[in-house]
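Close look at the chain arrangement
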Amino acid sequence: MQTAKQNQSKRVQAIVDAEVADQAEKILSDLGVTPTNAINMFYRQIIIHGGLPFGVVLSERQRATHELLEATKNQPVQEIKTQADLEKFIANGD
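Now for a description of the structure that goes with this document. (Residues numbered from 1 in each chain as written. Predicted model: local features only at pLDDT ≥ 70, side-chain atom pairs only at ≥ 80, totals over all residues. Heavy atoms only, no water.)

1. A few points about the overall build of the protein
For the protein, the helix and strand inventory stands at five helices and zero strands. Listing every helix and strand of the protein by position from the N terminus yields α-α-α-α-α. Computed over C-alpha atoms, the radius of gyration of the protein comes to 25 Å, more than 25% over the 12 Å expected from 2.2 N^0.38 for 94 residues, which places it beyond the range of a compact globule. Split into buried and exposed, the 94 residues of the protein put 3% on the buried side. Of the accessible surface of the protein, which amounts to about 9100 Å², a share of 56% is contributed by carbon and sulfur atoms. In the protein, 10 side chains carry a positive charge and 12 a negative one; their mean positions are 13 Å apart. (Helix = DSSP H or I, 4+ residues; strand = E, 2+ residues; numbered from the N terminus. Rg over C-alpha atoms; globule rule 2.2 N^0.38 Å. Buried < 20%, exposed > 50% of the residue type's maximum accessible area, 1.4 Å probe, protein only. Areas by Shrake-Rupley, 256 points an atom, 1.4 Å probe, with all protein chains shown as cover. Lys, Arg positive; Asp, Glu negative; His and termini not counted. Charge placed at Lys NZ, Arg CZ, Asp CG, Glu CD.)

2. A look at a negative patch on the surface
There is a patch of like negative charges on the surface, built from Asp17, Glu19, Asp22 and Glu25. You can see Asp22 is positioned in helix α2 (residues 18-31). (Patch = residues over 30% accessible without salt bridge, like charges linked within 9 Å, V, L, I, M, F, W, Y side chains within 5 Å. Salt bridge = Lys/Arg side-chain N within 4 Å of Asp/Glu carboxyl O.)

3. Describing the packing of aromatic side chains
In this structure the tally under the stated criterion is two aromatic pairs. Here the aromatic rings of Phe42 and Phe54 are separated by 6.2 Å at their centres, their planes lie at 15°, and the arrangement is stacked. Of this pair, Phe42 sits in helix α3 (residues 35-49) while Phe54 is found in the loop between α3 and α4 (60-72), placing the two residues 12 residues apart along the sequence. You can call Phe42 partly exposed: its relative accessible area is 32%. For Phe54, a relative accessible area of 48% translates into the label partly exposed. Each member of the aromatic cluster is reached from another via a ring pair, and the members are Phe42, Tyr43 and Phe54. (Phe/Tyr/Trp six-rings, centres within 6.5 Å; stacked < 30°, edge-to-face > 60°.)

4. Quick notes on the pattern of salt bridges
What the rule picks out here adds up to four salt bridges. For Glu60, the salt bridge identified is with Arg63, shortest N-O distance 2.1 Å. Remark: Arg63 and Glu60 occur in helix α4; sequence separation between them is three residues, near one turn of the helix. Residue classification places Glu60 among the exposed residues on the basis of a relative accessible area of 59%. Note on Arg63: relative accessible area 33%, which makes it partly exposed. Across the salt bridge formed by Lys73 and Glu70, the nearest N and O atoms sit 3.1 Å from each other. Note on Lys73: relative accessible area 53%, which makes it exposed.

Here it is in structure tokens:
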């Protein structure tokens, strides 16, 4: 027998890119799963895992880009317009 609390539902709304939603919903339909079922499964997996049920990490390239941006964010910008400007920049190391 279900208690009143077990019968309660809560509406969850999200804005999703239309193309992404259409593609995902096609796959879900092929699997015989509704978007509501999929969201319930996702939420249950979050509870089981104590977090997202998959890794959310930066790729090697994203990490390298982030590190480069962090390392250079306080560096002055120098405009190089000519070959002489480039040679001077390389010779001075700045």
